Amino acid sequence: MPRPARPSPAFSPARLLTGLALIAAALLVGLLTRTSALTAADQTLSTAAIDARTSALTGIAQLFTPLASPLGSVALAAVAVIALVAATRRWWSGLLVIASTSGAGVLTDWLKEVSGRERPPETLRLVHETSPAFPSGHSTGAASLVTAIVLVLVLCGAVRTRRARAALIAAAAAWVVTTALIRIYLGVHWPSDTVGGVLVGAGAAIALSSW
């Protein structure tokens with residue numbers, strides 16, 4: 001006997017507003033990057049990250065970078081889609097991951113063109129990048145992917161206890177923070193670039209999950 005179809009989550013105005021608020025916050029950060037106060041803070045934090053460089057940390061950072069790159073995010077998203085649909089048997093779980101990563105990527109590309117922010121000086125960079133700095137595409141991709149995965153697992157009831165949810169959120173946050181710190185460490189982004197990327201990625205996933 002075929003199993004009854006499981007309903008998709010109901011529309012959530014709260015998640016939509018939360019997601020849009022995070023995206024609006026990213027736009028605000030983008031505007032603030034033109035101020036002297038945020039520029040000074042970015043330079044101070046970037047200098048601290050660069051001063052902390054060691055050969056071991058640099059090797060780890062360069063190995064980790066491809067996983068959070070746009071191509072790496074696509075590969076991880078594909079794996080996540082297959083795994084989530086197979087585990088939850090809900091078509092919307094895969095759709096949310098695809099829509100979140102794609103939507104966040106499009107929004108990030110647009111914001112880069114609008115902001116046109118310069119990256120840190122080339123003499124400080126350990127990897128080659130040519131696109132505008134704000135927001136960080138790596139941070140956007142990491143945040144949109146893990147936020148979508150967390151939302152799917154919570155909304156479909158796969159994670160039921162508070163302890164399990166806390167562990168899941170902590171693991172997701174660790175991935176995003178690690179990605180952001182590595183981009184700063186490598187000298188290709190200012191700290192506020194990564195903050196903007198995280199806000200865009202998480203905001204896109206949360207807003208899209210409202211449907």
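Residues numbered from 1 in each chain as written. Predicted model: local features only at pLDDT ≥ 70, side-chain atom pairs only at ≥ 80, totals over all residues. Heavy atoms only, no water.

J.: Before we go on, may I ask you to explain the packing of aromatic side chains in this structure?
T.: Each aromatic ring pair is characterised by the separation of its centres together with the angle its planes make. Throughout the structure, instances matching the rule amount to one aromatic pair. Each ring, one from Phe 64 and one from Trp 175, has its centre 5.0 Å from the other, and the planes form 55°; the classification is tilted. Of this pair, Phe 64 sits in helix H3 (residues 55–68) while Trp 175 sits in helix H7 (residues 162–185), and the two are 111 residues apart along the sequence. For Phe 64, a relative accessible area of 14% corresponds to the buried category. (Phe/Tyr/Trp six-rings, centres within 6.5 Å; stacked < 30°, edge-to-face > 60°. Helix = DSSP H or I, 4+ residues; strand = E, 2+ residues; numbered from the N terminus. Buried < 20%, exposed > 50% of the residue type's maximum accessible area, 1.4 Å probe, protein only.)

J.: Whenever I open this one, the side chain of Ser 209 confuses me. Can you help?
T.: Among the secondary structure elements, Ser 209 is positioned in helix H8 (residues 191–209). Taking the relative accessible area as the measure of exposure, Ser 209 reaches 5% and is therefore buried. Within polar-contact distance, the side chain of Ser 209 engages the backbone oxygen of Ile 206 at 2.7 Å. Ignoring sequence-local partners within four residues, the contact set of Ser 209 consists of Arg 15, Leu 96 and Leu 151. (Polar contact = N/O pair within 3.5 Å; in protein donor to acceptor, adjacent residues only side chain to side chain. Contact = heavy atoms within 4.5 Å.)

J.: Is there a simple way to explain the layout of surface pockets in this structure?
T.: Over the atoms, a rolled probe matching the size of one water molecule traces out where space is still vacant. Volume-wise, the second largest pocket comes out at about 270 Å³. Elements with a minimum of two residues in the lining of the second largest pocket: helix H6 (137–155), H7 and H8. Ranked by residues supplied to the lining of the second largest pocket, first place goes to H6 with seven residues. Of the residues contributing to the lining of the second largest pocket, the split by class is 13 nonpolar, one polar and one charged. (1 Å grid on protein atoms, 1.4 Å probe; cavity = no way out; pocket = protein on both sides within 12 Å on 5 of 7 lines; lining within 4 Å. Points joined across faces, edges and corners; volume = space filled by probe spheres on them. Nonpolar A, V, L, I, M, F, W, Y, C, P; charged D, E, K, R; others polar.)

J.: Just to check I follow, could you spell out H7 for this structure?
T.: Think of an α-helix as 3.6 residues a turn; residues three or four steps apart then line up on the same face. With 24 residues, H7 should reach 34 Å at 1.5 Å per residue; the first-to-last C-alpha distance of 34 Å fits that figure. Those residues of H7 not exposed but buried are Ala 172, Val 176, Thr 179, Ala 180, Ile 182, Arg 183, Ile 184 and Tyr 185. The secondary structure elements touched by the buried residues of H7 are helix H2 (36–51), H3, H6 and H8. Of the residues one or two after H7, Gly 187 is the one with positive phi, at around 80°. (Expected span 1.5 Å × (residues − 1).)

J.: Teacher, can you tell me more about the packing of H6 against H7 here?
T.: For any two helices packed against each other, the geometry is given by the interaxial angle and the distance between the axes. Where H6 contacts H7, the two axes come as close as 9 Å, and the packing angle between them is 175°. It follows that H6 is roughly antiparallel to H7 by the angle criterion. Along its contact with H6, which presents His 138, Ser 139, Ala 142, Ala 143, Val 146, Val 150, Leu 153 and Val 154, the element H7 presents Arg 165, Leu 168, Ile 169, Ala 172, Trp 175, Val 176, Thr 179, Ala 180 and Arg 183. The class makeup of the residues in the contact of H6 with H7 is twelve nonpolar, three polar and two charged. (Axes fitted to C-alpha atoms, helices over the stretch in contact; angles between N-to-C directions. Parallel < 35°, antiparallel > 145°, perpendicular 65-115°, else oblique.)

Taken by themselves, the reported measurements are silent on function.
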